[in-house]
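Survey of secondary and tertiary structure
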Amino acid sequence: MGDVDESFFQDAAHRPKLSTTEAENIPLIDLSPLLTNDPSDTSSAVTNLVAEIGDACKNWGFFQVINHGVPSACREKIERASREFFLQPTEEKRKVSRDENNPLGFYDTEHTKNVRDWKEVFDFVVENPTILPASHEPHDMELMELTNQWPDFPTNFGEACEEYARDVEKLSYKLLELIALSLGLSSKRLSGYFKDQTTFMRLNYYPLCPVRHLALGVGRHKDSLALTVLAQDDVGGLEVKRKTDGEWIQVKPTPDAYIVNVGDIIQPTPFSWSTGNEKISQVWSNDRYESVEHRVVASSKKERFSIPFFFGPSHYVMVEPLEELISEERPAKYKAYNWGKFNTTRNLSNFKKLNVENIQIDHFRIGDL
Ligand SMILES: O=C(O)CCC(=O)C(=O)O
Ligand SMILES: [Fe+2]
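Residues numbered from 1 in each chain as written. Chains lettered and ligands numbered in written order. Predicted model: local features only at pLDDT ≥ 70, side-chain atom pairs only at ≥ 80, totals over all residues.

The chain goes by Fe2OG dioxygenase domain-containing protein in an unreviewed UniProt entry, where it is assigned to Capsicum annuum. Its UniProt record gives the chain a comment under Sequence similarities (unreviewed entry), which states: "Belongs to the iron/ascorbate-dependent oxidoreductase family." (UniProt positions renumbered as here; feature names shortened; annotations may be inferred.)

Structure (structure tokens):
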């Protein structure tokens with residue numbers, strides 16, 4: 001084990017299995033009907049697509065999409081920039097480290113559920129600046145701005161990130177429309193919540209790991225924003241907890257595909273320093289779509305890169321079960337909460353390291369209060 005820090009070691013119950021069973025993959029959905037139609041079109045190709053998305057959200061919480069409309073040149077450009085950035089010496093990367101005042105930038109000591117991840121990250125926001133509440137106090141209306149910091153090298157880093165973000169944002173809005181339709185809502189029902197979005201993006205770098213039987217690239221978690229759209233390279237390592245039996249299933253890389261996961265925003269956000277468990281889509285859908293745990297197994301043979309886009313609503317949005325999805329048979333399962341304040345409260349408690357699981361959406365579950 002040499003001198004590997006024990007803070008990386010998972011409890012025995014959460015260590016990766018070294019021989020993963022070849023199992024079915026998560027659903028693969030072809031979005032080509034959207035290249036010529038609007039999500040709201042009633043053609044049978046789009047209607048079938050909506051049904052496929054609904055099934056995937058209900059049964060897996062995860063799916064992959066192909067023919068998604070994001071140009072591959074744009075993805076290759078950010079992938080190259082990410083590789084060039086992370087393969088520099090650490091002292092170069094630390095020039096754009098995040099700190100107490102700016103949670104955006106480079107970070108290499110992230111913990112998920114109190115265990116250190118075998119990874120390095122670079123975070124940036126899609127709206128630059130992004131507006132958030134300055135404090136968690138419910139009556140304090142003061143706001144603050146989060147602003148991106150870009151490294152000098154590679155020289156096109158910021159440009160590659162911004163261009164890619166705009167293309168994946170377009171895809172995310174389309175996915176949001178399909179998800180709304182799959183819940184029986186009008187196609188644009190959720191889109192307005194993202195007008196002043198708090199979306200952030202992360203470049204993940206998983207270096208070679210000499211203790212892959214003990215550590216994880218990212219520990220098990222659920223993503224806490226509304227929707228995640230992830231690009232992974234061809235190395236593999238992402239695993240999803242299958243709903244039916246709790247088995248960890250590998251998400252095998254599909255060239256040029258995106259992995260989409262609905263539900264909660266789970267993973268530490270740049271606005272937080274530990275894992276939360278907010279489940280926006282789960283709350284909106286009144287528990288019809290549940291967010292799903294996932295993790296990343298490290299590799300001793302090949303470095304891995306991935307790029308998640310965490311689609312987050314405006315800070316002032318009140319997240320609550322949508323009224324169309326509440327009925328006598330299915331009463332509201334959550335109380336409303338303000339997304340920005342919720343986020344800031346969680347960040348504060350995370351930053352003070354009060355407790356790992358600190359504030360979660362489940363605290364807003366009706367009946368549990
Ligand atoms: O690297 C991956 O495949 C997934 C990363 C992840 O789950 C996250 O950053 O929240
Ligand atoms: Fe995640």
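Alright, that's what it looks like, and here's the rest.
1. Quick notes on the environment of K119
Assignment of secondary structure puts K119 in the loop between β5 (115–116) and β6 (120–125). Accessibility expressed as a C-beta count within 10 Å gives 25 for K119, which makes it buried. For the pair formed by K119 and T244, sequence separation is 125 residues and the distance between their alpha carbons is 29 Å. Beyond its immediate chain neighbours, meaning those up to four positions away, K119 contacts N204, Y205, Y206, G217 and V218. (Helix = DSSP H or I, 4+ residues; strand = E, 2+ residues; numbered from the N terminus. Buried ≥ 20, exposed ≤ 12 C-beta atoms within 10 Å, placed from the backbone. Contact = placed C-beta atoms within 7 Å.)

2. So, the pairing of β6
Among the 6 residues of β6, 5 are classified as buried, and the element is accordingly described as predominantly covered. Pairing between β6 and strand β9 (residues 200–206): 6 bridges, direction antiparallel. By the bridge assignment for β9, V125 is matched with F200. (Pairing = 2+ DSSP bridges.)

3. Here we look at the confidence of the model for the chain
Residue-level pLDDT values for the chain average 87, and 87% of them are 70 or greater. Low pLDDT, under 50, characterises residues 265–278; the stretch is placed with 65 contacts to residues that sit more than four places away or in other chains. Counting contacts from residues 349–358, a segment whose pLDDT is below 50, to residues more than four positions away or on other chains yields 14 contacts. Model confidence for the complex is summarised by a pTM of 0.91, with the ipTM given as 0.99. (pLDDT = per-residue confidence, 0-100.)

4. Side note on helix α2 (residues 44–59)
Helix length check: α2 (16 residues) gives 22 Å between terminal C-alpha atoms against 22 Å at 1.5 Å per residue, within 8%. Elements that come into contact with the buried residues of α2 comprise β1 (28–30), α1 (33–36), β2 (62–66), α5 (157–182) and β14 (258–262). Within two residues after α2, G61 carries a phi angle of roughly 75°, on the positive side. (Expected span 1.5 Å × (residues − 1).)

5. Things to note about the sheet that holds strand β16 (residues 304–311)
Here 8 strands make up an open sheet; going across it, the order is β1-β2-β14-β11-β16-β9-β6-β3 and the pairing mixed. For this open sheet the edge positions go to β1 and β3 (105–107), each flanked by a neighbour on one side alone. Going across the sheet, the axis of each strand differs from the next one's by a mean of 25°, ignoring polarity. Bridging between β3 and β6 involves 3 bridges; their strand directions are antiparallel. Across the sheet, G105 pairs through a bridge with D123, a residue of β6. Contacting β6, β9, β11 (227–232) and β16, helix α3 (residues 72–86) runs over the sheet at an angle of about 120° to β16. Here α5 sits on the sheet and contacts β6, β9, β11, β14 and β16; the angle it forms with β11, its principal contact strand, is near 130°. (Axes fitted to C-alpha atoms, helices over the stretch in contact; angles between N-to-C directions.)

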